[in-house]
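Topology and contacts: notes
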Amino acid sequence: MSTTATTVLPLLVEEVEVTAVERLSPSFVRLWLGSPAFAELDCDGPTYDQRIKLVFPHPGHPLMSVEGFDASWYDSWLSRPLEERGHMRTYTLRGSTGRGRETRMSVDFVLHGDGGHGPGGDFAASAQVGDRLVALAPRRGHLYGGIEFAPGDASHLLLVGDETAVPAIAAILEQLPADARGSVFLEVPLSADVLPTTGPDGVSVSWVPRDGGPRGTALHAAVLDHLGRPDALGLAESVADDEVDPDLWETPEYSSSGEQVAAETAAAAGDRWAGCYFWIAGESKTVTGLRRALVKELGVDRRQVAFMGYWREGVAMKS
Ligand SMILES: Cc1cc2nc3c(=O)[nH]c(=O)nc-3n(C[C@H](O)[C@H](O)[C@H](O)COP(=O)(O)OP(=O)(O)OC[C@H]3O[C@@H](n4cnc5c(N)ncnc54)[C@H](O)[C@@H]3O)c2cc1C
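Residues numbered from 1 in each chain as written. Predicted model: local features only at pLDDT ≥ 70, side-chain atom pairs only at ≥ 80, totals over all residues. Heavy atoms only, no water.

1. Some points on the site of the ligand
Here is the rule we go by: Nearness is judged by heavy atoms alone; a residue qualifies as near a molecule or strand once a single heavy atom is within 4 Å of it. Under the rule applied, a polar contact is a pair of N or O atoms within 3.5 Å (in protein, one hydrogen donor and one hydrogen acceptor; residues adjacent in sequence only if both atoms are side-chain atoms). Computed by Shrake-Rupley with a 1.4 Å probe, the accessible areas treat only the displayed protein chains as cover when residues are assessed. Residues are called lining when one of their atoms sits within 4 Å of a cavity or pocket point, these points coming from a 1 Å grid over the protein atoms alone, where a cavity is a set in which a 1.4 Å probe fits but cannot get out and a pocket is an open set with protein on both sides within 12 Å along at least five of seven lines. To decide whether a molecule occupies a pocket or cavity, check its atoms: if more than half lie within 2 Å of the grid points, it is inside. Put simply, DSSP H or I for four residues or longer makes a helix, DSSP E for two residues or longer makes a strand, and each gets a number counted from the N terminus. Ten residues, namely Ala, Val, Leu, Ile, Met, Phe, Trp, Tyr, Cys and Pro, are considered nonpolar, four, namely Asp, Glu, Lys and Arg, are considered charged, and the remaining ones, Gly among them, are considered polar.
Looking at the ligand, there are 28 residues lining it, with Thr 90, Gly 120, Gly 121, Gly 314 and Met 317 nearest. In this structure, an oxygen atom belonging to the ligand sits 3.1 Å away from a main-chain N or O atom of Pro 119. Contact with the protein chains removes 95% of the 900 Å² of surface that the ligand exposes when unbound. Under a 2 Å grid-point criterion requiring more than half of the atoms, the pocket assigned to the ligand is the largest pocket. At the level of elements, strand 4 (87-92), strand 6 (104-110), helix 3 (119-126) and strand 13 (305-311) are the ones that each hand at least two residues to the shell around the ligand. At four residues, strand 4 tops the list of elements feeding residues into the shell around the ligand. Across the shell around the ligand, the residue classes break down as eleven nonpolar, eleven polar and six charged.

2. A look at the sheet that holds strand 9 (residues 182-188)
Selection criterion: We call two strands paired when DSSP finds no fewer than two bridges between them.
Read across the sheet, six strands follow the order 10-9-8-12-13-11 without closing on themselves; strand pairing throughout is mixed. Edge positions in the open sheet fall to strand 10 (203-209) and strand 11 (249-250), since each of these has one partner strand only. Bridge analysis of strand 9 against strand 10 gives seven bridges, and the strand direction is parallel. Among the inter-strand pairings, Leu 186 is bridged to a residue of strand 10, identified as Trp 207.

3. Concerning the packing of aromatic side chains
To be explicit about the condition: Working definition: a ring pair exists when centres of Phe, Tyr or Trp rings (six-membered ring for Trp) sit within 6.5 Å. Plane angles under 30 degrees give stacked, over 60 give edge-to-face, the rest tilted.
Summed over the entire model, instances satisfying the criterion amount to twelve aromatic pairs. Judged by centre distance (5.6 Å) and plane angle (85 degrees), the rings of Trp 73 and Tyr 74 are edge-to-face.

4. Comments concerning the pairing of strand 1 (residues 11-25)
Across seven bridges, the pairing between strand 1 and strand 7 (residues 132-138) is antiparallel. The partner of Glu 15 across the bridge, within strand 7, is Val 134. By the bridge criterion, seven bridges tie strand 1 to strand 2 (residues 28-34) in an arrangement that is antiparallel. Bridged to Val 18 within strand 2 is Leu 33. Linking strand 1 to strand 2, which pair antiparallel, is a turn of two residues.

5. Looking at the layout of surface pockets
The gaps of empty space that remain are located by a probe, the size of a water molecule, rolled over the atoms. Note the following rule: Grid points are joined across faces, edges and corners, and a volume is the space filled by probe spheres set on the points.
What the largest pocket holds in volume is close to 1200 Å³. Looking at the largest pocket, it is lined by 42 residues, and the ones nearest its centre are Arg 89, Thr 90, Tyr 310, Trp 311 and Met 317. For the lining of the largest pocket, the secondary-structure elements that each account for two or more residues are strand 3 (51-56), strand 4, strand 6, helix 3 and strand 13. Looking at which element gives the most residues to the lining of the largest pocket, the answer is strand 4, with five residues. Residues of the lining of the largest pocket, tallied by class, amount to 16 nonpolar, 13 polar and 13 charged.

6. Regarding helix 4 (residues 166-175)
An α-helical segment advances 3.6 residues per turn. Residues three or four places apart therefore align on the same side. Inclusion rule: Classification of residues uses two cut-offs on accessible area relative to the type maximum, computed with a 1.4 Å probe and protein chains only: under 20% is buried, over 50% is exposed, and between them is partly exposed.
Burial analysis of helix 4 places eight of its ten residues in the buried class, which makes it a mostly covered element. Taken together, the buried positions of helix 4 are Val 166, Pro 167, Ala 168, Ile 169, Ala 170, Ala 171, Ile 172 and Leu 173.

7. Remarks on the pattern of salt bridges
Using the following cut-off: The salt bridge criterion pairs a side-chain nitrogen of Lys or Arg with a carboxyl oxygen of Asp or Glu, the two atoms within 4 Å.
Summed over the entire model, instances satisfying the criterion amount to 23 salt bridges. Across the pair Glu 163 and Arg 215 runs a salt bridge whose closest N-O atoms are separated by 3.3 Å. With Glu 163 in the loop between strand 8 (156-161) and helix 4 and Arg 215 in the loop between strand 10 and helix 5 (217-226), this pair connects stretches of sequence that are 52 residues apart. Notably, a salt bridge pairs Arg 229 with Glu 297, separated by 3.5 Å at the nearest N-O pair. Of this pair, Arg 229 sits in the loop between helix 5 and helix 6 (235-238) while Glu 297 sits in helix 8 (residues 284-297), placing them 68 residues apart in sequence. A relative accessible area of 24% means that Arg 229 is categorised as partly exposed. Through salt bridges with shared partners, a single ionic network connects Glu 163, Glu 187, Arg 210, Arg 215 and Glu 313.

8. Re the nonpolar core
Counted only if it meets this: Side-chain atoms within 4.5 Å link the members of a nonpolar core, which is a set of buried Ala, Val, Leu, Ile, Met, Phe, Trp, Tyr and Cys residues. In this analysis, two residues are considered to be in contact whenever any of their non-hydrogen atoms come within 4.5 Å of each other.
Grouped together as the largest cluster of nonpolar side chains are 26 residues, with contacts concentrated most on Phe 149, Leu 176 and Trp 279. For this core, the elements supplying multiple residues, two or more each, are strand 8, helix 4, strand 9, strand 10, strand 12 (276-283) and strand 13. A total of five residues in this core trace back to one element, the largest contributor, which is helix 4. Aside from chain neighbours lying at most four places away, what touches Phe 149 is Tyr 48, Asp 49, Leu 157, Leu 159, Ile 172, Leu 176, Tyr 277 and Trp 279. Core analysis: the next-biggest nonpolar cluster, separate from the first, contains 24 residues, Val 16, Tyr 91, Leu 111 and Ala 135 among them.

9. Here's the deal with the environment of Ser 257
Looking at the element boundaries, Ser 257 is found in the loop between strand 11 and helix 7 (264-268). On a C-alpha basis, the gap between Ser 257 and Asp 245 in space is 8.6 Å, while along the polypeptide they are twelve residues apart.

10. Some details on the sheet that holds strand 2
As a reminder of what qualifies: Orientation is described by lines fitted to C-alpha atoms, with helices fitted over the stretch in contact, and by angles between N-to-C directions that extend from 0 to 180 degrees.
Spatially, seven strands are ordered 4-3-7-1-2-6-5 in an open sheet, and the strand pairing comes out antiparallel. Strand pairing shows two members of the sheet lacking a second neighbour, strand 4 and strand 5 (95-97), which therefore form its edges. Each strand axis lies, on average, 35 degrees off the axis of its neighbour in the sheet, ignoring direction. The strands that helix 3 touches are strand 1, strand 2, strand 3, strand 4, strand 6 and strand 7; relative to strand 4, the one it contacts most, it runs at about 70 degrees.

This is the structure:
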């Protein structure tokens, strides 16, 4: 393995190797990734939902070289033909172990059992020790961003996600202070995908397996029931497929729709949700349904919420 970027970039853009493969459940596989460059991986503070990028080789083609990448690396990468540059996708830094050049990063991949095929899911499904890919990750001492979990001084948390957000929520749970309070709802494909989690006693964790049921429906109902609105519209009634923005991303700092973060909704709802922080991620239609219910019906202030479309059914993510 070699560190191939010749310029010191403010992030790691490195060829890495699969060092171990752990099948966690029918729908999850954990890959451990290693590179001497991980001596500089910034994983010292809380990583929470730290996102990273992985570049998978195009089937039948060699992995791209990151040799000589400089400040304009992204444009130069993008200008290459797809077969050469491969496919960039977003994942979560699930954890890390080891020190220095022996530092290993873990990433929990969802196997798309009930969905379409994509380069990321396919790579994970067949991954073996020694397989190589490129990772973009935070470099110690440099600003990287990519952590959205920001509860401030909230006294109550609600974390909701589908299987693609299980790695982020599991990592957040492990890093919460012992006195944190709140609730977690996690949708997974199968009952057998319920994974062990570690977190504060004051944060309850509810798993919502689909077990062949429609995506998002039971999760939507469980969350609204928890919020005291069992009578609210179901997911199918509240969002039409053609209304879904595949790139939905609404946080206090950024809105993919350009919507202003409004304070009026909080005023309308009085102080019912004061002290609450909501973090919701997963398939974009599911997240859209919960966003509508929370912001439009329950009057939750957008400054207290991160709504993140991690992927969209039927849509390949952009490289
Ligand atoms: C911040 C962030 C963090 C993420 N963290 C993780 C993570 O830790 N682990 C993880 O597995 N995913 C994670 N994701 C989601 C992941 O990026 C997407 O699922 C991505 O589409 C996978 O790429 P792909 O190449 O497998 O599929 P794509 O080429 O993007 O899509 C091909 C087809 O597969 C379908 N598809 C994509 N994902 C799924 C799925 N999960 N189940 C069923 N069908 C699917 C698409 O709808 C499409 O039809 C994260 C996304 C974001 C934005």
